[in-house]
Amino acid sequence: RSTMPHANQVDLLPNQGWDERILVCRNGRLVQTFIVVTARYVVLVDTLINAATARQMVAFAEPFLAGRTLLVVNTHADYDHAWGNQLFVGPDAPFPAPVIASLRCAAAFAQPDAAKTLRTMQADEPAIFGDVRLTPPTLLFDEQLTIDGGDLTLQLFATPGHTPDHISLYIPEIETLLAGDAAELPYPAARTADGLPLMRASLDALTAFDARTVLYCHAPVAAGPQLLHDNIAYFDGLERACRAARARGLPDPLPTGAALIDRVGCRYADVTPQTDLWRDVNPYYHADGHAEQLHMML
């Protein structure tokens, strides 16, 4: 996703049947974030790519702030989810608020790769990322945290795999799950082999809620709860194909890209639903992205 041009425009999506206390914000074709309005709190779930986009989220939230406290949640430390944190933290923050995240999320901000990524993106797109300051979350938890909003309860819980620090949210009163990047269309990407079994376990945990409404950061709102099952089926299909390929014998080192897909005999189309929604994704997910997940599975 980082290869596409970025924009500061944030749009509020029209409600398509979810509870009216949840607002869905979209930053172009890149990512969706959420605002949850409870009796006690207005909760921003992720802060987008910079202060300018985070400020637009605050603008959408402002009509609901009277008599409520502003809270912020980071689902994880990726740039498209947490680079607007500076709007809420520090002596010059225009909208001071606790930023809630996992302990691992705070640790991710301190990794050398985080600063390196920021420098690269500032050099490539200074108009978008030039003012970004890496700002870690301030209120940290390990596995679970509950926010009692008065009318709505936000259950925050660890869903590692896509990244080690990832969390998701469940709101039992309205049977609504905010999956973050733990599930995506067409699939969440495991970045390490060790992360793949964790990610599959997280998908199982998300499915166990049997939520009536599921919203994602990287999937159309119409994807619904079925996407969780489709993501599970994708990785189950990869496992079957990779086990069969291992039994036949594979070279060492493994091939990459299209050569790996051919050698395993598992195309993207073989393990995903054959609908327009699934076919019309970025070609990367059909090819190199799919090959990377095969490699992680092997």
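Up top is the structure these notes are about.
A.B. asks: Can you break down the nonpolar core residue by residue, with the values?
C.D. replies: Within the largest apolar cluster, 55 residues are counted, with the highest numbers of intra-cluster contacts made by Ile35, Val36, Leu44, Phe88, Leu154 and Leu156. In this structure, leucine 154 is in contact with Val36, Thr38, Val43, Leu145, Thr146, Ile147, Leu169, Tyr170 and Ile171, ignoring residues within four places of it in sequence. Within the second largest apolar cluster, 40 residues are counted, among which are Ala179, Tyr234, Leu238 and Cys242.

A.B. asks: Describe the packing of helix 7 (residues 226–248) against helix 11 (residues 288–297), with residues and values.
C.D. replies: Packing of helix 7 against helix 11 leaves a shortest axis separation of 10 Å and a crossing angle of 60°. Relative to helix 11, helix 7 is oriented oblique. Seen along the crossing, helix 7 lies across helix 11 with a hand that is right-handed. Together, Tyr234, Phe235, Leu238, Glu239 and Cys242 of helix 7 and His290, Gln293, Leu294 and Met297 of helix 11 make up the contact between the two elements. Split by residue class, the contact of helix 7 with helix 11 holds six nonpolar, two polar and one charged.

A.B. asks: Any details on the sheet that holds strand 12 (residues 213–216)? Residues and values, ideally.
C.D. replies: Read across the sheet, five strands follow the order 8-9-10-11-12 without closing on themselves; strand pairing throughout is mixed. Every other strand in the sheet has two partners, leaving strand 8 (144–148) and strand 12 as the edge strands with one partner each. Across the sheet, the mean angle separating the axes of adjacent strands is 20° when strand polarity is ignored. Where strand 8 and strand 9 (residues 153–158) come together, five bridges link them in antiparallel fashion. Looking at strand 9, one finds that isoleucine 147 is bridged to leucine 154.

A.B. asks: Just give me the short version of the sheet that holds strand 7 (residues 139–141), but keep the residues and values in it.
C.D. replies: Across the sheet, which stays open at both edges, the seven strands sit in the order 1-2-3-4-5-6-7 with mixed pairing between neighbours. Among the strands making up the open sheet, the edge pair consists of strand 1 (11–12) and strand 7. Examined bridge by bridge, strand 1 and strand 2 (residues 22–27) share two bridges and lie antiparallel to one another. The residue of strand 2 that forms the bridge with aspartate 11 is arginine 26.

A.B. asks: Provide a residue-level description of the pattern of salt bridges, including the pertinent values.
C.D. replies: Tallied over the full model, the rule gives 13 salt bridges. Salt-bridge contacts for arginine 212 lead to glutamate 175; the nearest nitrogen and oxygen are separated by 3.5 Å. Of this pair, arginine 212 sits in the loop between helix 6 (195–208) and strand 12 while glutamate 175 sits in the loop between strand 10 (167–171) and strand 11 (176–180), and the two are 37 residues apart along the sequence. Beyond isolated ion pairs, a larger network of salt bridges with shared partners links Arg200, Asp236, Glu239 and Arg243.

A.B. asks: Go over helix 4 (residues 112–124) with me, naming the residues and quoting the values.
C.D. replies: In an α-helix, one turn spans 3.6 residues; hence positions three or four apart end up facing the same way. Between its first and last C-alpha, helix 4 extends 19 Å over 13 residues, near the 18 Å set by a 1.5 Å rise per residue. Listed as buried for helix 4 are Ala114, Leu118 and Met121. One side of helix 4 carries all its buried residues, which in axial view fall inside an arc of 75°. The outward face of helix 4, more than 90 degrees from its buried face, is lined by the exposed residues Pro112, Asp113, Lys116, Arg119, Ala123 and Asp124. Contacts made by the buried residues of helix 4 are with helix 2 (79–82), helix 3 (103–109) and helix 5 (126–129).

A.B. asks: With reference to specific residues and values, describe the environment of proline 164.
C.D. replies: Along the chain, proline 164 turns up in the loop between strand 9 and strand 10. Taking C-alpha positions, proline 164 is 23 Å from valine 132, a pair spaced 32 residues apart along the chain.

A.B. asks: Describe the state of the cysteines, naming the residues involved and giving the relevant values.
C.D. replies: Counted by the stated rule, this structure contains zero disulfides. Cysteine 217 provides the cysteine sulfur closest to cysteine 25, a residue in no disulfide bond, and the two sulfurs are 11 Å apart.

The rules behind these values
- Residues numbered from 1 in each chain as written.
- Predicted model: local features only at pLDDT ≥ 70, side-chain atom pairs only at ≥ 80, totals over all residues.
- Heavy atoms only, no water.
- Core = buried A, V, L, I, M, F, W, Y, C linked by side-chain atoms within 4.5 Å.
- Buried < 20%, exposed > 50% of the residue type's maximum accessible area, 1.4 Å probe, protein only.
- Contact = heavy atoms within 4.5 Å.
- Axes fitted to C-alpha atoms, helices over the stretch in contact; angles between N-to-C directions.
- Helix = DSSP H or I, 4+ residues; strand = E, 2+ residues; numbered from the N terminus.
- Parallel < 35°, antiparallel > 145°, perpendicular 65-115°, else oblique.
- Left-handed = near helix turned anticlockwise from the far one by under 90°.
- Nonpolar A, V, L, I, M, F, W, Y, C, P; charged D, E, K, R; others polar.
- Pairing = 2+ DSSP bridges.
- Salt bridge = Lys/Arg side-chain N within 4 Å of Asp/Glu carboxyl O.
- Expected span 1.5 Å × (residues − 1).
- Arc of directions from axis to C-beta.
- Disulfide = S-S within 2.5 Å.

Purely geometric numbers; function is a separate question.
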